[in-house]
Amino acid sequence: MASSNAGGVDNTFRRKFDREEYLERAREREKQEEDNRNKPKSKGPLVQRKPLKHRDFVVDLESRLGKTQVVTPIAPLSQQAGYYCSVCECVVKDSANYLDHINGKKHQRALGMSMRVERASLEQVQERFEVLKKRKVPGSFSEQDLDERIIKQQEEEEERKRQRRERKKEKKKEKAAIEEETETDPDIAVMMGFGSFHSSKK
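These notes cover the structure that comes with them. Along each chain, numbering runs from 1 in the same order as the chain's sequence is written. Owing to the predicted nature of the model, reporting of local features is limited to residues with pLDDT of at least 70; listing and counting of side-chain atom pairs is limited to 80 or more, with chain, interface and lining totals taken over all residues. Here the side-chain values reflect all heavy atoms present in the structure, with hydrogen atoms and water set aside.

Topic: the overall build of the chain
A run of DSSP states H or I qualifies as a helix once it reaches four residues; a run of E qualifies as a strand once it reaches two. Both are numbered from the N-terminal end. On a plain count of helices and strands, the chain comes out with six helices and four strands. Ordering the α and β elements of the chain from the N terminus gives α-β-β-β-α-α-β-α-α-α. The buried label goes to any residue with under 20% of its type's maximum accessible area, the exposed label to any with over 50%, and the partly exposed label to all in between, with areas taken from a 1.4 Å probe on protein chains only. Burial statistics for the chain: of 202 residues in total, 9% are counted as buried. Entry remark: accessible area of the chain is about 19800 Å², with carbon and sulfur atoms responsible for 52%. Per-residue and other accessible areas follow the Shrake-Rupley method at a 1.4 Å probe size, with only the shown protein chains counted as cover for residues.

Points about helix α2 (residues 95-102)
All of the buried residues along α2 are Tyr98, His101 and Ile102. Around the axis of α2, the buried residues are gathered within 90° of arc, so they sit on the same side. Residues count as neighbours in contact if any of their non-hydrogen atoms are within 4.5 Å of one another. Against the buried residues of α2 lie β2 (83-85), β3 (90-92) and α3 (105-110). Pairing of N or O atoms within 3.5 Å defines a polar contact, subject to two protein rules: one partner must be a possible hydrogen donor and the other a possible acceptor, and residues neighboring in sequence count only if both atoms are side-chain atoms. Sitting at the amino-terminal end of α2 is Asp94, which places a side-chain oxygen 3.3 Å from the backbone nitrogen of Ala96. The directions considered for the arc are those from the helix axis to the C-beta atoms.

Quick notes on the nonpolar core
By size, the foremost hydrophobic cluster in this structure holds seven residues: Val59, Tyr83, Cys85, Cys88, Val92, Tyr98 and Ile102. Elements that contribute at least two residues to this core include exactly β2 and α2. For Ile102, the residues in contact, after removing those within four places along its chain, are Arg55, Val59, His107 and Gln108. Buried Ala, Val, Leu, Ile, Met, Phe, Trp, Tyr and Cys residues form a nonpolar core when they are joined through side-chain atoms within 4.5 Å.

A word on the state of the cysteines
Note on terminology: disulfide denotes any pair of cysteine sulfur atoms within 2.5 Å. Under the counting rule described, the total for this entry stands at zero disulfides. The cysteine Cys88 is free of any disulfide, with Cys85 supplying the nearest cysteine sulfur at 3.9 Å. Of all cysteine sulfurs in the structure, the one in Cys85 sits closest to Cys90, which takes part in no disulfide; the separation is 4.9 Å.

Things to note about the side chain of His101
Along the chain, the position of His101 falls in helix α2. In this structure His101 touches Cys85, Cys88, Cys90, Val92 and His107, once residues within four positions along its chain are discounted.

Describing a positive patch on the surface
Without a salt bridge and with relative accessible area above 30%, a residue can belong to a patch; like charges are then joined within 9 Å and nonpolar side chains (Val, Leu, Ile, Met, Phe, Trp, Tyr) within 5 Å. Basic side-chain nitrogens of Lys or Arg form a salt bridge, by our definition, when they fall within 4 Å of a carboxyl oxygen of Asp or Glu. When charges are counted, neither His nor the chain ends are considered; positive counts come from Lys and Arg and negative counts from Asp and Glu. In this description, the location of a charge corresponds to atom NZ of lysine, CZ of arginine, CG of aspartate or CD of glutamate. Taken together, the side chains of Lys161, Arg165, Lys169 and Lys173 define a basic patch exposed on the protein surface. A relative accessible area of 63% places Lys173 in the exposed class.

Concerning the environment of Ala110
Looking at where Ala110 falls in the secondary structure, it is placed in helix α3. Relative accessible area serves as the criterion here: at 47%, Ala110 is assigned to the partly exposed category. Counting along the chain gives 23 residues from Ala110 to Val87, while the straight-line C-alpha distance between them is 6.8 Å. Once you skip the residues sitting within four places of it in the chain, Ala110 turns out to touch Val87 and Cys88.

Some points on the pattern of salt bridges
Taken as a whole and assessed by the stated rule, the structure comprises seven salt bridges. Among the ionic pairs, Glu130 bridges to Lys133, the shortest N-O distance being 4.0 Å. With Glu130 and Lys133 both in helix α4 (residues 122-134) and three residues apart, this pair spans about one turn of that helix. Glu157 is paired through a salt bridge with Arg160; the nearest N and O atoms lie 2.7 Å apart. In this pair, Glu157 and Arg160 both sit in helix α5 (residues 143-184), three residues apart, roughly one turn of the helix. Exposure remark for Arg160: the relative accessible area of 40% places this residue in the partly exposed category. Residues joined in a network through salt bridges with shared partners are Glu157, Arg160 and Arg164.

Following this line, the structure appears as structure tokens:
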């Protein structure tokens, strides 16, 4: 005879779940998440950064061009190959990336500036124009400077032409003097190979 529980499975050990209890837990979790979403996230005090300002110094990209340098792994960052940023304490390998770095957000934040530009008033713009008008940029010329340069170039050109004419006159005189010498002295003409040019007919 077969036993009575051979065909069946003993599932008395299975855990029974209370559906209402878990629904209540889910509702509480959703409510907490909603409250957290609505709360302002305060990781610390807000940092007020100054607006972006233009550079008051010239970026040196050419002082180390063409120079050789021994690079060792134990050298400090400022003496390694490339462009060293003292603000961020990092080395950038080429000039294009260095310019990107010093114009970038991370560098400007380290300087205490945001990437926003302060809106200028009409008076500030007019003052800036006046400052730039007064500042004479090397290499820029006024109309008077341009006229003076044109006159100077014309004078130099005239002087060059005069010197060329004088050189041509001197060469002609030298040539004429050589021809006179060869005509007067037949021995020199023979020595120079001009004797065969004379006609043998009398």
